[in-house]
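# A closer look at the structure
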Amino acid sequence: NDLMQLVGSQGVSSDKLDTGLEGHKVCWKISPAWHSEELADFMHSIDSLIISNRHPRVRHRSIHGQEPRWHIPSSLVNKDAVAPPGLPLNCYKDSWLACLLPSERKKLDAWANKWYNF
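This structure is a prediction, so every number in the text was calculated from the model and none was measured. (Residues numbered from 1 in each chain as written. Predicted model: local features only at pLDDT ≥ 70, side-chain atom pairs only at ≥ 80, totals over all residues. Heavy atoms only, no water.)

## Some thoughts on the overall build of the protein
Inclusion rule: Secondary structure elements follow DSSP: runs of H or I of four or more residues count as helices, runs of E of two or more count as strands, with numbering from the N terminus. Each residue gets one of three labels from its accessible area relative to the maximum for its type: buried under 20%, exposed over 50%, partly exposed in between, using a 1.4 Å probe on protein chains only. Residue contacts follow a heavy-atom distance rule, with two residues in contact if any of their heavy atoms lie within 4.5 Å. Each accessible area value is a Shrake-Rupley result obtained with a 1.4 Å probe; residue values ignore everything except the protein chains displayed when judging cover.
Within the protein one finds 4 helices and 3 strands. What you see in the protein, going N to C, is helices and strands ordered as α-β-β-α-β-α-α. Looking at the protein residue by residue over its 118 residues, the buried ones come to 25%. Across the protein, the fraction of contacts at a sequence separation of at least 24, relative to all contacts at a separation of at least 6, is 60%. Carbon and sulfur atoms form 54% of the exposed surface of the protein, whose accessible area is close to 8,800 Å².

Written out as structure tokens, the structure reads:
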């Protein structure tokens with residue numbers, strides 16, 4: 001997917017590991033401040049796909065390695081996350097774009113006339 005190449009590793013959410021009420025590990029999902037809702041939902045659907053593909057199919061061996069963490073959505077936001085330049089405009093959150101200086105917005109090089117069809 002071309003969008004995934006443009007977003008790169010800067011598009012993934014960070015996480016905060018915590019201990020839940022019953023002593024179980026909980027991994028809170030922290031979205032980058034620049035993510036639009038559409039991009040966040042798209043990235044979440046990819047996470048779900050990766051997790052579902054890790055489960056062994058009938059008559060197949062299980063996949064070796066550490067199980068992926070189950071991320072719990074949260075209202076936490078990573079304001080320090082650096083946005084990748086050159087994405088379609090609807091990948092960036094409107095309120096985040098509005099706070100940018102004109103010089104920052106120019107460096108972002110967002111495709112003002114291009115929208116990604118999520």
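Structure's up, so let's keep going.
## Quick look at the nonpolar core
Using the following cut-off: Nonpolar core, defined: a set of buried Ala, Val, Leu, Ile, Met, Phe, Trp, Tyr and Cys residues in which side-chain atoms within 4.5 Å join the residues together.
Residues Leu3, Trp34, Leu39, Leu87 and Tyr92 are the most contacted members of the largest nonpolar core, which totals 15 residues. Every element with two or more residues in this core is listed here: α1 (2-7) and α2 (37-54). When neighbours within four sequence positions are excluded, Trp34 is seen to be in contact with Gln10, Gly11, Leu39, Ala81, Val82, Ala83, Pro84, Leu87, Cys91, Tyr92, Lys93 and Trp96.

## Remarks on the packing of aromatic side chains
We describe a pair of aromatic rings using the distance from one ring centre to the other and the angle between the two ring planes. Worth spelling out the cut-off: A pair of Phe, Tyr and Trp rings is counted when the ring centres sit within 6.5 Å of each other, with Trp represented by its six-membered ring. The angle between the planes then sorts it: under 30 degrees is stacked, over 60 is edge-to-face, the rest tilted.
Evaluation of the coordinates by the stated rule reveals 5 aromatic pairs. Ring centres of Tyr92 and Trp96 lie 5.9 Å apart, and the angle between their planes is 15°; on these two criteria the pair is classed as stacked. Put simply, the rings of Trp34, Tyr92 and Trp96 pair up and form one aromatic cluster.

## So, the side chain of Asn90
The cut-off we apply is this: Between N or O atoms, a polar contact is any pair within 3.5 Å; within protein, one atom must be a potential hydrogen donor and the other a potential acceptor, and residues adjacent in sequence are included only when both atoms are from side chains.
Its location among the elements puts Asn90 in the loop between β3 (71-78) and α3 (94-98). Judged by its relative accessible area of 8%, Asn90 falls in the buried class. In this structure the side chain of Asn90 is engaged in a polar contact, spanning 2.8 Å, whose partner is the backbone nitrogen of Tyr116.

## Concerning a negative patch on the surface
Heads up, the condition is: Distance thresholds for patches are 9 Å for like charges and 5 Å for nonpolar side chains (Val, Leu, Ile, Met, Phe, Trp, Tyr), applied to residues having over 30% relative accessible area and no salt bridge. Salt bridge, as used here: a side-chain nitrogen of Lys or Arg that lies within 4 Å of a carboxyl oxygen of Asp or Glu. Here Asp and Glu are counted as negative and Lys and Arg as positive; His is not counted, and neither are the chain ends. All charge positions are set by atom: Lys at NZ, Arg at CZ, Asp at CG, Glu at CD.
Taken together, the side chains of Glu37, Glu38, Asp41 and Asp94 define an acidic patch exposed on the protein surface. The element that contributes the greatest number of residues to the negative patch is α2, accounting for 3 residues. Tracing the backbone shows Glu37 in helix α2. Here Glu37 falls in the exposed class, since its relative accessible area comes to 55%.

## Re the environment of Pro32
In this fold, Pro32 is placed in strand β2 (residues 25-32). Using a relative accessible area of 4% as the deciding quantity, one classes Pro32 as buried. As for Pro32 and Asp80, which are separated by 48 residues in sequence, their C-alpha atoms are 7.7 Å apart.

## Notes on the side chain of His35
Inspection of the secondary structure puts His35 in the loop between β2 and α2. In contact with His35, not counting residues within four places along its chain, are Gly11, Ala40, Met43, Cys91 and Lys93.

So, to be careful, I would describe these as geometric facts and stop short of saying anything about function.
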